[in-house]
Amino acid sequence: MFAGFRAASIELDATTIFARVGGTGPPLLLLHGFPQTHVMWRDIAAALAPRFTVIAADLRGYGQSGCPASSADHAPYAKRAMARDMVLVMKRLGFEQFMAAGHDRGGRVAYRLALDHPDKVSKVAILDVIPTAAAWDRADARLALGFWPWSLLAQPEPLPERLIGVAPDAVVDDAIAQWGSSAGIFSEAVRAAYIDALRDPAHVHAICEEYRAAATIDREHNALDQATGRRIKCPLLALWSGQGGLENWYADEGGPLSIWRKWADRVEGNAVEGGHFFPEEHPRQTAAALSQFFAGN
């Protein structure tokens, strides 16, 4: 995996961020979701590398990145803090301005990047999410049962940490089998990588803190954005699973594009083939859509 890419561990004041860097052309940052790591981008990164300098990073608390201490308000794992990490990482790599794509949790960091650092992010692609506050405001039994990490991992410690720590393989296997994608698309090596990333108690706690932040301080940040009219100014591409919740849950209000247009000025996108993990299920198609968007005027 990631042939031709170099590994980089970038020391920041608050933590260390691990990334794979390769390719040539304008810089493009790729951010993963749960229960994945940067490994989710293995095929897409290779497809994009001839046209872009690709940086596939592990978010703080995930994969091979560090796990800084948290706080009572979970602010160290707010998307604001995670976005700041990525601005510093890109600067250390020599990029003052860049493009970003994020899937799942990484999508939430990516749109926070575009909101908080409009001078840094020239284009952003968001894969299979709507804004955090918008999702919580519309939450019902479908979200609670369909995407159980939202409610389970946000519970006070140590309950979710203990549950994940006992059976990280059950967590990964349920996610990759139940969220609309075929479990067969994940090789044993990839599955093992995701399970191993959940074996370390410090990382499990950090991931739970990230979900707690999404249920609390991230919502507060989003509410303030909306109250003050703060919007994403750069072009935004939204892609979502044609077989998942986003395709059906919000149809009566115009679907994901309608929701994103309440947050961003220039929005395009569509449903795509596959389940929640469509970047790994259909990497060539996903890479083609990202390449067209990021290379276009």
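Visitor: Explanation requested: the environment of glutamine 285 in the structure shown.
Guide: Structurally, the position occupied by glutamine 285 is in helix α15 (residues 283-295). With 13 residues separating them in the primary sequence, glutamine 285 and valine 272 have C-alpha atoms 8.8 Å apart.

Visitor: What exactly am I supposed to notice about the side chain of aspartate 58 here?
Guide: With respect to the secondary-structure elements, aspartate 58 resides in the loop between β4 (53-57) and α2 (79-92). Despite its burial, aspartate 58 pairs with no opposite charge; the closest candidate is arginine 20, at 7.6 Å N-O. A polar contact of 2.7 Å, which involves the side chain of aspartate 58, links it to the backbone nitrogen of histidine 38. When sequence neighbours within four positions are dropped, the list of residues in contact with aspartate 58 reads Ile17, Phe18, His32, Thr37, His38, Gly63, Gln64, Ser65 and Met86.

Visitor: I'm lost on empty space enclosed by the protein in this one. Help?
Guide: If a probe as big as a water molecule is rolled over the atoms, it shows which places are left empty. Under the counting rule described, the total for this entry stands at three cavities of 30 Å³ or more. The space that makes up the largest cavity amounts to roughly 180 Å³. Only α3 (105-116), α6 (149-152) and α12 (245-249) provide two or more residues apiece to the lining of the largest cavity. Of the residues belonging to the lining of the largest cavity, the class tally is 13 nonpolar, one polar and four charged. If you add up the space inside the second largest cavity, you get close to 50 Å³. Lining the second largest cavity are Lys79, Arg80, Arg108, Tyr111, Arg112, Thr132, Asp218, His221 and Asn222. Those elements that place two or more of their residues in the lining of the second largest cavity are α2, α3 and α11 (217-228). Of the residues assigned to the lining of the second largest cavity, the class counts are one nonpolar, three polar and five charged.

Visitor: Before we go on, may I ask you to explain unusual backbone geometry in this structure?
Guide: A negative phi holds for most residues other than glycine; trans holds for most peptide bonds. Each neighbour pair has its own omega, and for phenylalanine 34 with proline 35 the value is 5°, a cis peptide bond. Looking at the secondary structure, you find proline 35 in the loop between β3 (27-31) and α1 (42-48). The residue after glutamate 157, namely proline 158, is reached through a cis peptide bond having omega 10°. Among the secondary structure elements, proline 158 is positioned in the loop between α6 and α7 (159-166). Its identity is not glycine, yet histidine 74 carries a phi of approximately 65°, on the positive side. Residue histidine 74 is classed as buried on the basis of its relative accessible area of 16%.

Procedures and definitions
Residues numbered from 1 in each chain as written. Predicted model: local features only at pLDDT ≥ 70, side-chain atom pairs only at ≥ 80, totals over all residues. Heavy atoms only, no water. Helix = DSSP H or I, 4+ residues; strand = E, 2+ residues; numbered from the N terminus. Buried < 20%, exposed > 50% of the residue type's maximum accessible area, 1.4 Å probe, protein only. Lys, Arg positive; Asp, Glu negative; His and termini not counted. Salt bridge = Lys/Arg side-chain N within 4 Å of Asp/Glu carboxyl O. Polar contact = N/O pair within 3.5 Å; in protein donor to acceptor, adjacent residues only side chain to side chain. Contact = heavy atoms within 4.5 Å. 1 Å grid on protein atoms, 1.4 Å probe; cavity = no way out; pocket = protein on both sides within 12 Å on 5 of 7 lines; lining within 4 Å. Points joined across faces, edges and corners; volume = space filled by probe spheres on them. Nonpolar A, V, L, I, M, F, W, Y, C, P; charged D, E, K, R; others polar.

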